[in-house]
Amino acid sequence: MEASEVWGPRWKMCDNSLARRYMEVASRKQSLVVLAADLRTMGDLKSMINLVGPHIAALKTHVDLVDDWDAEEWGELCHHAKKHDLLIFEDRKFADIGKISRGQMAGAYDIRSWSDIVTAHGISGPDIVDGLCAGWSDVDREGGVLLLAQMSSRGNLLEIPGYTDAMVAAGCSHSGVFGFIGNGSNSDDVASLRSRVGDKKMIWTPGVNIAIGDGEMGQRYGDPRKAVLSGSDGIIVGSGIHGVNNPRGAAEEYALVSWEALLERGGF
Ligand code: 5BU
């Protein structure tokens, strides 16, 4: 199916080029699954991409979690991910002032050269988005920033009244903003975020698992189908895929559930 047919108003109103690319990939692969690839070795990461690559739309990394990280091998891994038609999303949660965030896009990991999407907190003010976009421009690339409007973990301070509204207000008008992170563990939270965000931006949700309830160390999980029906455009799933006996089967199942929910929702 064509992305423009599937995504309806989201496609028409979108102002971030990476978000369009995501909608195209998701439509080609019939999956809204973003794999949280929280694995500790390069070998395990590569094997996981091979196993589940056909069923996911994006690969979410924590580059500083990998014990045997090596720049050259990482480049090869990203190349491999691209062959699987995946967007690469570094969940770095940048939070510094604009100039420093721009610098941190370079540095030892050189995130600007291989990431398509990164996460950022808005706590330091809106210039962080300019800083991150400047980081990509420095290597003639374009990317999209996912701002944390909500989190999935228990007791997070983004729940303090006013924070989410301020984040959405600051992020909605910036074309460098790909979208917002919403709390996938609670479909009311996702629906409320969607009503504030409107159609112009993506909402991606961590805290999603077919086995709903409390996870390790304050993580909370909600149902993937409900998250999409409430307005999530991408379900971020980690242990629900890499932590089970049959990751490929699980990825396929999350893909099917997410895709069917998107079609049921009618793209918006
Ligand atoms: P899990 O294994 O499905 O619980 O992994 C969740 C992933 O999503 C993990 O990589 C977290 O860093 C990430 N995450 C999250 O869980 N909650 C949040 O609010 C944000 C990111 Br932002």
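Note that the coordinates shown come from a computational prediction; the quantities given were computed from them, not determined experimentally. Residue numbers run consecutively from 1 along every chain, following the written order of its sequence. Only residues with pLDDT of 70 or above have their local features reported here, since the model is predicted, and side-chain atom pairs are shown and tallied only from 80 upward, although totals for entire chains, interfaces and linings are computed over all residues. The side-chain figures draw on all heavy atoms in the structure; neither hydrogens nor water molecules are used.

**Some details on the overall build of the chain**
What counts here: Under the scheme used here, helices are H or I runs from DSSP no shorter than 4 residues and strands are E runs no shorter than 2 residues, and both carry numbers assigned from the N terminus. Throughout, the radius of gyration refers to the C-alpha atoms, and the reference size of a globule is 2.2 Å times the residue count to the power 0.38. We call a residue buried when its accessible area falls under 20% of the maximum for its residue type, exposed when it is over 50%, and partly exposed in between, using a 1.4 Å probe and counting protein chains only. The contact definition used throughout considers only heavy atoms, calling two residues in contact when any of these lie within 4.5 Å. Surface accessibility follows the Shrake-Rupley procedure with a 1.4 Å probe radius. Residue values consider only the protein chains on display as shielding. Counting rule applied: Lys, Arg positive; Asp, Glu negative; His and chain ends not counted. Here the site of a charge means NZ on Lys, CZ on Arg, CG on Asp, or CD on Glu.
Assigned secondary structure in the chain consists of 13 helices and ten strands. For 268 residues, the compact-globule formula gives about 18 Å, and the C-alpha radius of gyration of the chain, at 17 Å, lands near that figure. By its C-alpha atoms, the chain is 40 × 40 × 40 Å across when sized along the principal axes. Taking all 268 residues of the chain together, the buried fraction comes to 55%. Across the chain, the fraction of contacts at a sequence separation of at least 24, relative to all contacts at a separation of at least 6, is 72%. Total accessible area on the chain is roughly 11200 Å²; 51% of this is exposed by carbon and sulfur atoms. Of the charged side chains in the chain, 27 are positive and 37 negative; the average position of the first set lies 3 Å away from that of the second.

**A closer look at helix 8 (residues 127-137)**
Counting buried positions over the eleven residues of helix 8 gives eight, a clear majority of the element. Residues of helix 8 that are buried: Ile128, Val129, Gly131, Leu132, Cys133, Ala134, Gly135 and Trp136. For helix 8, the elements touching its buried residues are strand 3 (87-94), helix 6 (98-104), helix 7 (111-114), strand 4 (117-120), strand 5 (144-148) and strand 6 (177-181).

**Thoughts on the pairing of strand 2 (residues 58-61)**
Here is the rule we go by: For two strands to count as paired, DSSP must find a minimum of two bridges between them. A crossover counts as right-handed when, viewed with the strands pointing away from the observer, the path leading from the first strand over the helix to the second turns clockwise.
Residues Ala58 and Lys60 line one face of strand 2 and the alternating positions Leu59 and Thr61 line the opposite face, and both faces are buried. Relative to strand 2, strand 1 (residues 33-36) runs parallel, the two being bridged by three bridges. Note on strand 2: the bridge partner recorded for valine 34 is alanine 58. Tracing the backbone out of strand 1, into helix 4 (residues 42-52) and back to the parallel element strand 2 gives a crossover that is right-handed. By the bridge criterion, four bridges tie strand 2 to strand 3 in an arrangement that is parallel.

**Remarks on the site of the ligand**
Put simply, the test is: Any residue with a heavy atom lying within 4 Å of a molecule or strand is counted as near it. Distance and chemistry together define a polar contact, namely a pair of N or O atoms within 3.5 Å, with one atom able to donate a hydrogen and the other to accept it when in protein, and with adjacent residues in sequence counting only for side-chain atoms on both sides. As a working rule, the residues Ala, Val, Leu, Ile, Met, Phe, Trp, Tyr, Cys and Pro are called nonpolar, Asp, Glu, Lys and Arg charged, and the rest polar, with Gly in that last group.
Neighbouring the ligand are 16 residues; Asp38, Lys60, Ser152, Tyr221 and Ser239 lie closest to it. Measuring from a nitrogen atom of the ligand, one finds a side-chain N or O atom of serine 152 at 2.7 Å. In the model, an oxygen atom of the ligand is placed 2.9 Å from a nitrogen or oxygen of the glycine 238 main chain. A total of 500 Å² of accessible area belongs to the ligand in isolation, and the protein chains cover 87% of it. Classifying every residue of the shell around the ligand gives seven nonpolar, five polar and four charged.

**What to know about helix 4**
We apply this condition: Read the arc as the range of directions from the helix axis to the C-beta atoms.
Taken together, the buried positions of helix 4 are occupied by Met42, Leu45, Met48, Ile49 and Val52. Within helix 4, the buried residues cover an arc of 125° as seen down the axis, which keeps them to one side. Structurally, helix 4 contributes buried residues whose contacts are with strand 1, strand 2, helix 5 (71-83), helix 12 (239-242) and helix 13 (247-265).

**Considerations on the side chain of lysine 201**
Along the polypeptide, lysine 201 turns up in the loop between helix 10 (187-197) and strand 7 (202-205). Reaching out from lysine 201, the side chain makes a polar contact with the backbone oxygen of histidine 174 at a distance of 2.7 Å.

**Some words on the environment of isoleucine 49**
Examined against the element boundaries, isoleucine 49 turns out to sit in helix 4. Accessibility expressed as a relative area gives 1% for isoleucine 49, which makes it buried. In this structure, the C-alpha to C-alpha distance between isoleucine 49 and alanine 37, residues twelve residues apart in sequence, is 8.6 Å. The contacts of isoleucine 49, once residues within four sequence positions are left out, are Leu59, Leu77, His80, Ala81, His84 and Leu86.

**Things to note about unusual backbone geometry**
The backbone phi angle of aspartate 140 is positive, close to 55°, even though this residue is not glycine. Inspection of the secondary structure assignment puts aspartate 140 in the loop between helix 8 and strand 5. At methionine 217, a position not held by glycine, the phi torsion is positive, near 45°. With respect to the helices, strands and loops of the structure, methionine 217 is situated in the loop between strand 8 (213-214) and strand 9 (220-221).

**A closer look at the sheet that holds strand 2**
This is how it is decided: Angles shown run from 0 to 180 degrees and are taken between the N-to-C directions of axes, each axis being a line fitted to C-alpha atoms and, for helices, limited to the stretch in contact.
One closed barrel accounts for eight strands, arranged 1-2-3-4-5-6-7-10; its pairing is parallel. The sheet shows a mean angle of 25° between the axes of neighbouring strands, taken without regard to direction. Relative to strand 4, strand 3 is paired through three bridges, and the arrangement is parallel. Bridged to phenylalanine 94 within strand 4 is alanine 120. Helix 13 rests against strand 1 and strand 10 (234-237) of the sheet, and its axis sits at about 145° to strand 1.

**Side note on the pattern of salt bridges**
Test applied: Think of a salt bridge as a Lys or Arg side-chain nitrogen and an Asp or Glu carboxyl oxygen that are within 4 Å of each other.
Applying the stated criterion across every chain, the model contains 18 salt bridges. The closest approach of N and O atoms between arginine 40 and aspartate 67, which form a salt bridge, is 3.0 Å. Of this pair, arginine 40 sits in the loop between strand 1 and helix 4 while aspartate 67 sits in the loop between strand 2 and helix 5; the two residues are 27 residues apart in sequence, bridging distant segments of the chain. By relative accessible area, which is 46% here, arginine 40 ends up partly exposed. A salt bridge links lysine 93 to aspartate 91, with the shortest nitrogen-to-oxygen separation between them at 2.9 Å. We classify lysine 93 as partly exposed; its relative accessible area is 27%. On the basis of relative accessibility, which here comes to 9%, the residue aspartate 91 falls in the buried class.

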